[in-house]
Amino acid sequence: TRHRLTRGRSMSDLASLTTQALEEVAASGELAALDAARVRWLGKKGLLTEQLKSLGTSPLRVPAVGVGCMNFGTMCDQAATDAIVAAAFECGVDFFDVADIYGGQPGRSEQMLGKALGPRRRDAVIATKFGAKVGGGGGAAPGGGSRDYI
């Protein structure tokens, strides 16, 4: 099926098809199911865990690809977040990237990830960012790098 869809098409045609498919999925409310399916597909191909990298100077080794949690709390509700995290673990991915400003409300994405991890928290590596201004545009939140803020 893949070859019939892609044979003879330019990259821009394929990008348009992908964009159209994503728009249809998003309109149907199945975006989270697509995210979970994509994680499973990449995992089955070995594309998520084939290359482990050292995390800074620590002894931690993490996959070169982790799960970005920016949509947790905005595009994904708790059930969708649970499904995406479960799909990641099924594929051997235990590295999650989150920030305190993700999720529409400060800390929401981090809280949703915590709930989705549940007792598997001890098996996960979480990289969380902090101190940025909510709403984009760059810059630091007042006191964003301080001990009290953290």
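Worth saying up front: this structure is predicted, and the values here are computed from it rather than measured.

Chemist: For this particular structure, what's the right way to read the overall build of the protein chain?
Modeler: For the protein chain, the helix and strand inventory stands at 5 helices and 5 strands. The helix and strand sequence of the protein chain, counted from the amino end, reads α-α-α-β-β-β-α-β-α-β. Scored against the burial criterion, the 150 residues of the protein chain give a buried share of 27%. Taking the intrachain contacts of the protein chain between residues at least 6 apart in sequence as the baseline, contacts between residues at least 24 apart amount to 58%. Taken as a whole, the protein chain presents about 9,700 Å² of accessible surface, with 55% of it coming from carbon and sulfur.

Chemist: Got a minute to help me understand the pattern of salt bridges in this structure?
Modeler: Between side chains of opposite charge, a pair can form when the charged atoms approach closely. Tallied over the entire structure, the rule returns 1 salt bridge. Notably, a salt bridge pairs D97 with K129, separated by 2.5 Å at the nearest N-O pair. Of this pair, D97 sits in strand β4 (residues 95-99) while K129 sits in strand β5 (residues 125-129), and the two are 32 residues apart along the sequence. Overall, the relative accessible area of 28% leaves D97 in the partly exposed class. Overall, the relative accessible area of 37% leaves K129 in the partly exposed class.

Chemist: How should I be thinking about helix α4 (residues 78-90) in this particular structure?
Modeler: Residues separated by three or four positions in an α-helix point in the same direction, a consequence of the helix having 3.6 residues per turn. For α4, built from 13 residues, the straight-helix expectation of 18 Å at 1.5 Å per residue is met to within 8% by its first-to-last C-alpha distance of 18 Å. Turning to α4, its buried residues number three or more, namely A80, T81, I84, V85, A87 and A88. Mapping the buried residues of α4 onto a view down its axis gives an arc of 160 degrees, with all of them on the same face. Set apart from the buried face of α4 by more than 90 degrees, the exposed residues are A79 and E90. With a side-chain oxygen lying 3.2 Å from the backbone nitrogen of A79, the N-terminal cap of α4 falls on D77. Looking one or two places after α4, you find G92, whose phi comes out positive at around 85 degrees.

About the cut-offs
Residues numbered from 1 in each chain as written. Predicted model: local features only at pLDDT ≥ 70, side-chain atom pairs only at ≥ 80, totals over all residues. Heavy atoms only, no water. Helix = DSSP H or I, 4+ residues; strand = E, 2+ residues; numbered from the N terminus. Buried < 20%, exposed > 50% of the residue type's maximum accessible area, 1.4 Å probe, protein only. Contact = heavy atoms within 4.5 Å. Areas by Shrake-Rupley, 256 points an atom, 1.4 Å probe, with all protein chains shown as cover. Salt bridge = Lys/Arg side-chain N within 4 Å of Asp/Glu carboxyl O. Expected span 1.5 Å × (residues − 1). Arc of directions from axis to C-beta. Polar contact = N/O pair within 3.5 Å; in protein donor to acceptor, adjacent residues only side chain to side chain.

So yeah, pure geometry; function would need other evidence.
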